[in-house]
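# Observations on the three-dimensional arrangement
These are the residues of each chain, in order.
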Amino acid sequence: MYDILIKNGIIYDGDGGKPYAGSVAISEDKIAAVGALDGAEGVIEIDAHGMAIAPGFINMLSHAQIGLLVDGRSQSDIRQGVTLEVMGEGMAAMGPLNDAMKADRRVQAFLPDANYDISWTTLGEYLDHVAGRGISCNVASFTSASVVRVNVLGHVSRAPDAGELARMQALVRQAMEEGALGISSSLIYAPDCYAGTDELIALAKVVGEYNGMYISHVRSEGSRFLEAVDELIRIAREGGCAAEIYHLKASGKDYWGKMDGAIARVEQARAAGLAISADMYTYTASGTSVASNIPGWAHEGGRSALLARLRDPQARARIKQDMAVKNGEWESHLAAAGAENILLVSFKRDDMKPLMGKTLAEVAAMRGQPADEVLLDLVLEDEANPSAVYFKMSEDNIRKQIRVPWVSFCSDSPSLAPEGVFLKSSTHPRAYGNFARLIEKYVVNERIIPLEEAIYRLTMLAATNLKIQKRGALRDGYYADVVVFDPAAVHEHTTFQDAHRYATGMSHVFVNGVQVLKDGEHTGAKPGMVVRGPGWKG
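A short tour of the structure in this document, coming up. Source: prediction; values computed, not measured.

What counts and how
Residues numbered from 1 in each chain as written. Predicted model: local features only at pLDDT ≥ 70, side-chain atom pairs only at ≥ 80, totals over all residues. Heavy atoms only, no water. Pairing = 2+ DSSP bridges. Helix = DSSP H or I, 4+ residues; strand = E, 2+ residues; numbered from the N terminus. Axes fitted to C-alpha atoms, helices over the stretch in contact; angles between N-to-C directions. Buried < 20%, exposed > 50% of the residue type's maximum accessible area, 1.4 Å probe, protein only. Contact = heavy atoms within 4.5 Å. Polar contact = N/O pair within 3.5 Å; in protein donor to acceptor, adjacent residues only side chain to side chain. Patch = residues over 30% accessible without salt bridge, like charges linked within 9 Å, V, L, I, M, F, W, Y side chains within 5 Å. Areas by Shrake-Rupley, 256 points an atom, 1.4 Å probe, with all protein chains shown as cover. Salt bridge = Lys/Arg side-chain N within 4 Å of Asp/Glu carboxyl O.

Right, let's get into the sheet that holds strand E14 (residues 285–289). Adjacent strands of a sheet form backbone hydrogen bonds with each other and so pair up, either parallel or antiparallel. Here 3 strands make up an open sheet; going across it, the order is E14-E16-E15 and the pairing antiparallel. Since the sheet does not close on itself, it has two edges, and those belong to E14 and strand E15 (342–346), each with one partner. Geometrically, the sheet is characterised by an average inter-axis angle of 25° between neighbouring strands, direction not taken into account. Bridge count between E14 and strand E16 (residues 387–391): 5 bridges; the pairing is antiparallel. Looking at E16, one finds that threonine 288 is bridged to alanine 388.

Following this line, the structure appears as structure tokens:
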């Protein structure tokens, strides 16, 4: 007698092979059997007749790190079948932190209205803390090059000396032994952009000692996109580790044609034996802070220094000049997208929240000022907290990337709920719809790839790249992260103007053998645990 028997379904085991009829049995937190299972019985039985049974999905770039402290149910992702949130991009990585970093963390753009206490210092302590509070999903994380840089150097734009670099490497080593998956960078943002290639290679070498991954928002997604891909490949080669491109995209119409070259470069590196991969979200709009339009030099010294420069007429004039250059050293979203294609989605100040849902062009018209002046004023007035959606990518490239077999999937967003503090700001619809959109639009309707391949890339491909053990497949002895759904019923309801809307179509979701979604509704269960990387010394 099994604890749970999910019977009479169509099994997509995560390996990418053809689906087959069968059942999945669960005992405690593990998968006990997969296959025909004739005559098997379960204490709880679910008839999945005609529905897909698959491993839980892995979100390769999640910003759930704050939202899970507010609400551990992870509803917007659980309702899409996501059972593992992989966090830690750039300065969003939650450790290691020093006291100054902890103070700065209380003001952040992803969930500007969230309040939370910081009782941890290292990344491992954060992961234990969030899991200990109770979460419905599993969590894993990278540490980041920027976090260890700021921990040692502060927000300065210079190379570390030998002693400082050794201290940074020691912090990376500690994070790896606490279970980090590897190290991330986010090189279009400050302070990440202050790091040179040699510095990143030195940190990647530590990751390579533990069989971890270097994962990066590459230094350019526009005019220098191909050079940025080359840099990532070099870091992987000289660092002796696997590498992945965060949210693969060519950003800005002038650069859409560079996608073919980027894919070709990765293919060449893979053919040469390097473990290079990428992930993506399924929308033609990106989402990030409004302050990211401002060149990196203006961020040196941190948030207070940035705001001071925005008040200084001479510095402000230089910032505007740099932002206006389309193919310059700093890639401005404003120059690439245009004010009419920048949708404002969150502010911290209550009196600025009425601007949410308006484009930068609309706000500039309301204020009777040029768009670049208004952009800087919004950052200054909201103390660097506004965020926006930028419409800059190509639908043709989305389809092209989905066809690439080494690309997995991410939301690049928090996991939210249409209630409480989450409703004080809008968000990018990828938070509620990214995985549902993949299945509904690109698998079922457009048939870009078959469902078995989509599930493989949502599960086993991601788990294999991350060196995660006993997850990502329906196999005996693997953790029972399982989803049950009718592919034809999966539907994305979220929109750019009405983002806080759950996807539908997932019937049942299990995390570590516990049902967190039943008949499409959250059960309130919180069985999630920390998933450790390959260097864990537990």
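To continue, consider the environment of glutamine 75. Of note, glutamine 75 is situated in helix H2 (residues 75–78). Glutamine 75 sits in the buried class, given a relative accessible area of 4%. Sequence spacing of glutamine 75 and tyrosine 442 is 367 residues, and the spatial spacing of their C-alpha atoms is 23 Å. When residues no more than four places from it in sequence are discounted, the contact partners of glutamine 75 are Ser415, Leu416, Ala417, Glu419, Tyr502 and His522. Within the structure, the side chain of glutamine 75 is placed 3.4 Å from the side chain of tyrosine 502, a separation counted as a polar contact.

A cluster of nonpolar side chains, contributed by Met1, Val43 and Ile44, occupies part of the molecular surface with about 350 Å² of accessible area. By the element assignment, methionine 1 lies in the segment before strand E1 (2–11).

Right, let's talk about the sheet that holds strand E8 (residues 138–141) for a bit. Ordered by their spatial adjacency, 3 strands build an open sheet running E6-E7-E8, and the pairing between neighbours is parallel. Only two strands of the sheet have a single neighbouring strand rather than two, namely strand E6 (57–59) and E8. Averaged over all neighbouring strand pairs, the angle between strand axes comes to 20°, with direction disregarded.

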